Amino acid sequence: MAIARLPLIVVDCPDPGALARFYGAMLDWKIDVSADRAAVCAGDGRCISFHRVAGYTPPEWPTQDRPQQMHLDVIVDDLDAAEVAVIDLGATKHQEQPGTSYRVFLDPAGHPFCLCLN
């Protein structure tokens, strides 16, 4: 029996609305924005929340000068098509690409995330 459920992941950032719009568009999830917080949610209860942090400094990957501490892996059917789509949404492809079945990007706030085939 589980002790707890994981209904929500919270990500620190400088502009919660902008990040919610990015991930909402990428995942096709519902977007909810307020003053210092925003969220995107799937119809089944999965959510990612974004909280405004003053003086936010993005992680540096792959170095550990400013550790990423976490990142999101999202599954896609076609890496090339997904790459074009997330770049159109405001992502940046990272110069370091250590694998062939996934690609590393930075979201608009500088958080690394991966598009993965599996």
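Residues numbered from 1 in each chain as written. Predicted model: local features only at pLDDT ≥ 70, side-chain atom pairs only at ≥ 80, totals over all residues. Heavy atoms only, no water.

Caption draft 1: Local environment of the sheet that holds strand β4 (residues 47-52). Ordered in space as β1-β4-β3-β2, the four strands form an open sheet in which the pairing is mixed. Each having just a single partner strand, β1 (8-13) and β2 (30-33) make up the two edges of the open sheet. Between one strand axis and the next, the sheet turns through 20° on average, direction left out of account. Across five bridges, the pairing between strand β3 (residues 37-41) and β4 is antiparallel. Residue arginine 37 lies in a different strand from β4, and its bridge partner there is histidine 51. Where helix α1 (residues 16-27) meets the sheet, its contacts fall on β1, β2, β3 and β4, and the angle it forms with β3 comes to roughly 5°. (Pairing = 2+ DSSP bridges. Helix = DSSP H or I, 4+ residues; strand = E, 2+ residues; numbered from the N terminus. Axes fitted to C-alpha atoms, helices over the stretch in contact; angles between N-to-C directions. Contact = heavy atoms within 4.5 Å.)

Caption draft 2: Looking closely at the pattern of salt bridges. One pass over the structure, following the stated rule, counts six salt bridges. Notably, a salt bridge pairs arginine 46 with aspartate 44, separated by 2.9 Å at the nearest N-O pair. Since its relative accessible area comes to 47%, arginine 46 is described here as partly exposed. Overall, the relative accessible area of 53% leaves aspartate 44 in the exposed class. The partner of aspartate 80 in a salt bridge is arginine 103, with the nearest N and O atoms 2.9 Å apart. Of this pair, aspartate 80 sits in helix α2 (residues 79-89) while arginine 103 sits in strand β7 (residues 102-106); the two residues are 23 residues apart in sequence, bridging distant segments of the chain. (Salt bridge = Lys/Arg side-chain N within 4 Å of Asp/Glu carboxyl O. Buried < 20%, exposed > 50% of the residue type's maximum accessible area, 1.4 Å probe, protein only.)

Caption draft 3: Region of interest: the nonpolar core. Ranked by size, the top nonpolar core spans 25 residues in total, and within it Tyr23, Met26, Phe50, Phe113 and Leu115 carry the most contacts. Counting residues per element, the ones that place at least two in this core are β1, α1, β3, β4, β5 (72-75), α2 and β8 (112-116). Looking at this core element by element, the count peaks at five residues for α1. In contact with methionine 26, other than residues within four places in its own chain, are Val74, Val86, Leu89, Phe113 and Leu115. (Core = buried A, V, L, I, M, F, W, Y, C linked by side-chain atoms within 4.5 Å.)

Caption draft 4: Summary view of the state of the cysteines. Applying the stated criterion across every chain yields a total of one disulfide. Across a sulfur-sulfur distance of 2.1 Å, cysteine 41 and cysteine 47 are joined as a disulfide pair. Since a negative S-S torsion denotes a left-handed disulfide, the cysteine 41-cysteine 47 link at about 115° is right-handed. By relative accessible area, cysteine 41 is classed as partly exposed at 24%. With no disulfide partner, cysteine 114 has as its closest neighbouring cysteine sulfur the one in cysteine 116, 5.2 Å distant. (Disulfide = S-S within 2.5 Å.)

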